[in-house]
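Residues per chain, in single letters:
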Amino acid sequence: MRGGSGVAAATAAALALLSCTQESQNRLGRAIENWTGDNGVLDIYAGDKLVMRFIKIDKLTTSMGTAHGNDIPRPYRFGWGYLDENQNYVVDPGEKKLYFEISDYSTHYVFYENPHG
């Protein structure tokens, strides 16, 4: 019976997830999202004005320090995305894929799934 084994697998996965720490759950969630892919948008603001938009981002990654063998999160995130110069949610001719970094302290940003694609 195929449905029964699917329910059993889902129940086992849920129980395993509940026994994980919050950080482990977050890492698992990111791994699943990275595996399935997504279509992220990063909007960067100066005050209340949208000044830059990156599209087709698969993830934002928190940089990890390596000093003294400790994995300490650094206060910025980074990723790759297309600079959407005309802010129309579409990669137009001439818009290039770029590496970016954003500060956790001073960058006002919103990261979300592209509602138009």
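If you're wondering where the values come from, they're calculated on a predicted model, not measured in any experiment. (Residues numbered from 1 in each chain as written. Predicted model: local features only at pLDDT ≥ 70, side-chain atom pairs only at ≥ 80, totals over all residues. Heavy atoms only, no water.)

Comments concerning the side chain of Arg 53
When you line up the elements, Arg 53 lands in strand E2 (residues 49–57). Here the side chain of Arg 53 touches Asp 43 through a polar contact of 2.6 Å, side chain to side chain. Dropping the residues within four chain positions of it, Arg 53 is found in contact with Val 41, Leu 42, Asp 43, Tyr 82, Leu 83, Asp 84, Gln 87, Asn 88, Tyr 89 and Tyr 112. (Helix = DSSP H or I, 4+ residues; strand = E, 2+ residues; numbered from the N terminus. Polar contact = N/O pair within 3.5 Å; in protein donor to acceptor, adjacent residues only side chain to side chain. Contact = heavy atoms within 4.5 Å.)

Considering the environment of Leu 83
By the element assignment, Leu 83 lies in strand E4 (residues 73–83). On a C-alpha basis, the gap between Leu 83 and Phe 100 in space is 9.6 Å, while along the polypeptide they are 17 residues apart. Setting aside anything within four residues of it in sequence, one finds Leu 83 in contact with Met 52, Arg 53, Phe 54, Glu 95, Lys 96 and Leu 98.

So far we have only geometry, and geometry alone does not tell us how the molecule works.
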